[in-house]
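# Summary of the model geometry
The lines below spell out each chain.
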Amino acid sequence: MVSLTALRFGAVFAEQGGPIDRLDTGEFPVLGRPFWLANAFLREALVVGKVAPAVFGLADGSGLAATPVAASRLAIAEALERWAYLAVFDGPRAATFGFHEDCSSNGMAASAGLFGRQAQMLARAEAIKHHTLVSWWDGRLPAEPIPSPFPGVEVVRLHHEAGPGEVVLLFRRTRTGYAYGHAYGAALGAALRQAALELARSEQVLAAYRVMGALVAPANFFERRVLHFAGEEGAEAFSRRLLAKPFKPSLPFRTLFDGEIPGPWARWATVWRCCPLMPTAEYLDPDSDFFFW
């Protein structure tokens, strides 16, 4: 059976008139297990004005999966999501999709799945993950240490009130600093597996930055936060927050926008945004050491 993803991505590369300039893949171990990492790059004309990241790397989309095909599809989908974000977040339609409330790409996802259902589910998962993390750091939700299935990795379950599903936060100290990974999953096992991938990716980008000798300044405040929490001072602040109990009332998960972002990218994938009303705007304050990037 030919998958819909294969059909929709069939002409996604630049030589076929598509938006993807190139795709790189390579083996990438995750906690001792073999995985594949793919990085997708948009055509230069689609990313005019984009500031080159110093920590996160130059790819417009990345995918980490058990096979190179699955990783490549994830990377392409994320690059298409990035294209939509860059085209819309500060344009005349920005308010329609919630970008006046949250100018980040929070709650966005892209998928080649039929009728946009998969993109909608992925976007909601992303929104719940970030709403929970921000609520926890803002002192509104509790965190519970739970047994870790991964040697040398600590795990915290973040309680939330956004319906079914689990949000977990993984962290450990590496030779290049402290790394973190958090994820939402319909069940605890799924959340743990996804968070492990996020942790491995976090470790990789941090190590790559250290190899450069930290000579390049962070491109934005999100990257600055990555480096802050990778260091001792940030890790201490993180540890203190883990030990603290909630001291503010929790706020319900309520969406400001939940729908498709139409545009030329729709030829290859549905781009969806689920934009929740966040409990605080501090996570977007460039001067705040908020645990969000």
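A quick note: this is a predicted structure, and the numbers were derived from the prediction, not measured. (Residues numbered from 1 in each chain as written. Predicted model: local features only at pLDDT ≥ 70, side-chain atom pairs only at ≥ 80, totals over all residues. Heavy atoms only, no water.)

Glancing now at the overall build of the chain. The secondary structure content of the chain amounts to 6 helices and 10 strands. Since a compact globule built from 293 residues should have a radius of gyration of about 19 Å, the 18 Å found for the chain is in line with a globular shape. Projected onto its principal axes, the C-alpha coordinates of the chain cover approximately 55 × 40 × 40 Å. A total of 293 residues make up the chain; the buried ones form 49% of that total. Here the analysis covers contacts within the chain between residues at least 6 apart in sequence; of these, 59% occur between residues at least 24 apart. If you sum the accessible surface of the chain, you get close to 14100 Å²; carbon and sulfur atoms cover 57% of it. Computed over 28 positive and 29 negative side-chain charges, the inter-centroid distance for the chain is 4 Å. (Helix = DSSP H or I, 4+ residues; strand = E, 2+ residues; numbered from the N terminus. Rg over C-alpha atoms; globule rule 2.2 N^0.38 Å. Buried < 20%, exposed > 50% of the residue type's maximum accessible area, 1.4 Å probe, protein only. Contact = heavy atoms within 4.5 Å. Areas by Shrake-Rupley, 256 points an atom, 1.4 Å probe, with all protein chains shown as cover. Lys, Arg positive; Asp, Glu negative; His and termini not counted. Charge placed at Lys NZ, Arg CZ, Asp CG, Glu CD.)

Here we have 4 strands laid out as an open sheet, ordered 5-6-7-8, and antiparallel in their pairing. Two strands lie at the open edges of the sheet, namely strand 5 (143-146) and strand 8 (177-185), each paired on one side alone. The mean angle between the axes of side-by-side strands here comes to 25 degrees, regardless of whether they run parallel or antiparallel. Both strand 6 (residues 154-158) and strand 7 (residues 166-174) contribute to a ladder of 5 bridges, which runs antiparallel. (Pairing = 2+ DSSP bridges. Axes fitted to C-alpha atoms, helices over the stretch in contact; angles between N-to-C directions.)

On to the environment of Asp60, then. By the secondary structure assignment, Asp60 is in the loop between strand 2 (36-42) and strand 3 (61-65). Relative accessible area serves as the criterion here: at 8%, Asp60 is assigned to the buried category. Note: C-alpha distance between Asp60 and Ala75 (15 residues apart in sequence) is 8.1 Å. Apart from the residues lying within four places of it in its own chain, the contact partners of Asp60 are Ala40, Phe41, Leu42, Val47, Lys50, Glu78, Ala79 and Arg82. Within the local environment of Asp60, its side chain forms a polar contact with the backbone nitrogen of Leu42, the two atoms lying 2.8 Å apart. (Polar contact = N/O pair within 3.5 Å; in protein donor to acceptor, adjacent residues only side chain to side chain.)

If you check helix 3 (residues 117-137), its first and last C-alpha atoms are 31 Å apart, about what 21 residues at 1.5 Å a residue would give, namely 30 Å. Gly139 sits one or two residues past helix 3 and shows a positive phi near 85 degrees. (Expected span 1.5 Å × (residues − 1).)

Turning our attention to empty space enclosed by the protein. Taken as a whole and judged by the stated rule, the model has 2 cavities of 30 Å³ or more. What the second largest cavity holds in volume is close to 40 Å³. Residue lining of the second largest cavity: Tyr178, Ala179, Tyr180, Ser202, Leu206, Val226, Ala230 and Trp293, and that is the complete set. Put simply, the parts of the chain that give the lining of the second largest cavity at least two residues each are strand 8, helix 4 (188-211) and helix 5 (221-230). Looking at the lining of the second largest cavity element by element, the count peaks at 3 residues for strand 8. The class makeup of the residues in the lining of the second largest cavity is 7 nonpolar, 1 polar and no charged. (1 Å grid on protein atoms, 1.4 Å probe; cavity = no way out; pocket = protein on both sides within 12 Å on 5 of 7 lines; lining within 4 Å. Points joined across faces, edges and corners; volume = space filled by probe spheres on them. Nonpolar A, V, L, I, M, F, W, Y, C, P; charged D, E, K, R; others polar.)

A few words on the pairing of strand 2. Within strand 2, 6 of the 7 residues are buried, which leaves it mostly tucked inside the rest of the structure. Across 7 bridges, strand 1 (residues 20-27) lies against strand 2 in antiparallel orientation. Bridge pairing in strand 2 places Asp24 opposite Asn39.

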